[in-house]
Amino acid sequence: MSIYREPLYYEIAFSFIKPSKQIDLFEALIKKYSKIKTVSFLDIGCGPSPQLLELAKRGYRCTGLDLCPNMLKYLAGKAKAAGCKIETKKADFTKFTLKKQFDFAMMMMGTIGYIDSAAKLASHLKATAKALRPGGLYLIENFRTVRRKERFFSPQTWMLKKNNIIVRVGYKIEVRDSLRGLETETIILDVDDHGKKHLFNQKACIKIFSPQEFFQALKATGSFEFLGWFDRETLKSTKLPKLGNYTLLRRKE
Ligand SMILES: C[S@@+](CC[C@H](N)C(=O)[O-])C[C@H]1O[C@@H](n2cnc3c(N)ncnc32)[C@H](O)[C@@H]1O
């Protein structure tokens, strides 16, 4: 069963992130690299998007795009409860069209890995370029282009708790097809919700693009400038993409 149909448990499982700090960093990147005034944000593969909630609280216009209706319903509900507005759009991020254009787009938490072919990556970049205003930024978090660390393949486990719900998480990535850069990602959520137990086990195919494949797709799309790989803690630009990097693109004018 897909863990993405369980937004609350998913959000608790990944609640180690600090959205306020992330948005401070985005604002710093916008100040330095965006060529346009930034008032609207699109989160692609948004899930429960604590980032959009933080942005909406700061007064930005926000839209979340996801394929999973449960995630979108949960996100809209959180925004309503917080007294702000987040628009939602159910769509496939490898082929979408939106009526509005945005000043900033983002794809967080390695979601880009679910795009598992060069053709789909080119189609995704084309769709995202159309959804962005010229001069606006596209930030991709954790674009895994290099398998440099053994740790990448070591299973990880952790536990997080919120309002008497305990979520134990198992995460691992195993080689599926090394020639094509395909991996199998397994996420297990072992949930204790006020004494009620649930077990979710999700397996998905993810792709590790080499920098060459990524630049080829960018070139084929022709709509983005590559601004660099950035360390997501310090925003220092790095020669090679570190795990957890921010990859920054700007829509050509
Ligand atoms: C790793 S989660 C990331 C969620 C959130 N952005 C975060 O940072 O925690 C991936 C999200 O992408 C969505 N997703 C997966 N494949 C998709 C597709 N082809 N089109 C749109 N959304 C997709 C899933 O439903 C899920 O919410």
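Criteria and cut-off values
- Residues numbered from 1 in each chain as written.
- Predicted model: local features only at pLDDT ≥ 70, side-chain atom pairs only at ≥ 80, totals over all residues.
- Heavy atoms only, no water.
- Helix = DSSP H or I, 4+ residues; strand = E, 2+ residues; numbered from the N terminus.
- Rg over C-alpha atoms; globule rule 2.2 N^0.38 Å.
- Contact = heavy atoms within 4.5 Å.
- Lys, Arg positive; Asp, Glu negative; His and termini not counted.
- Charge placed at Lys NZ, Arg CZ, Asp CG, Glu CD.
- Pairing = 2+ DSSP bridges.
- Axes fitted to C-alpha atoms, helices over the stretch in contact; angles between N-to-C directions.

1. Concerning the overall build of the chain
Of the regular secondary structure elements, the chain holds six helices and twelve strands. In summary, the chain has a C-alpha radius of gyration of 18 Å against a globular reference of 18 Å for 253 residues, a match within 12%. In terms of overall dimensions, the chain has C-alpha extents of about 55 × 50 × 35 Å along its principal axes. Summarising the internal contacts of the chain: among those between residues at least 6 apart in sequence, 66% fall at separations of at least 24. For the chain, the centre of its 46 positive side-chain charges and the centre of its 25 negative side-chain charges are spaced 4 Å apart.

2. Points about the sheet that holds strand 5 (residues 132–141)
Read from one edge of the open sheet, eight strands run 3-2-1-4-5-12-10-11, paired in mixed fashion. Each edge of the sheet is formed by a strand with only one pairing partner; in this case those strands are strand 3 (86–90) and strand 11 (237–238). As judged from the six bridges shared by strand 10 (residues 224–230) and strand 12 (residues 246–251), these two strands associate in the antiparallel manner. For Trp229, the partnering residue across the bridge sits in strand 12 and is Thr247. Strands strand 2 (61–66) and strand 3 of the sheet are contacted by helix 4 (residues 69–81), whose axis makes an angle of about 175 degrees with strand 3.

It is worth stressing that arrangement in space is one thing and function is another; only the former is reported here.
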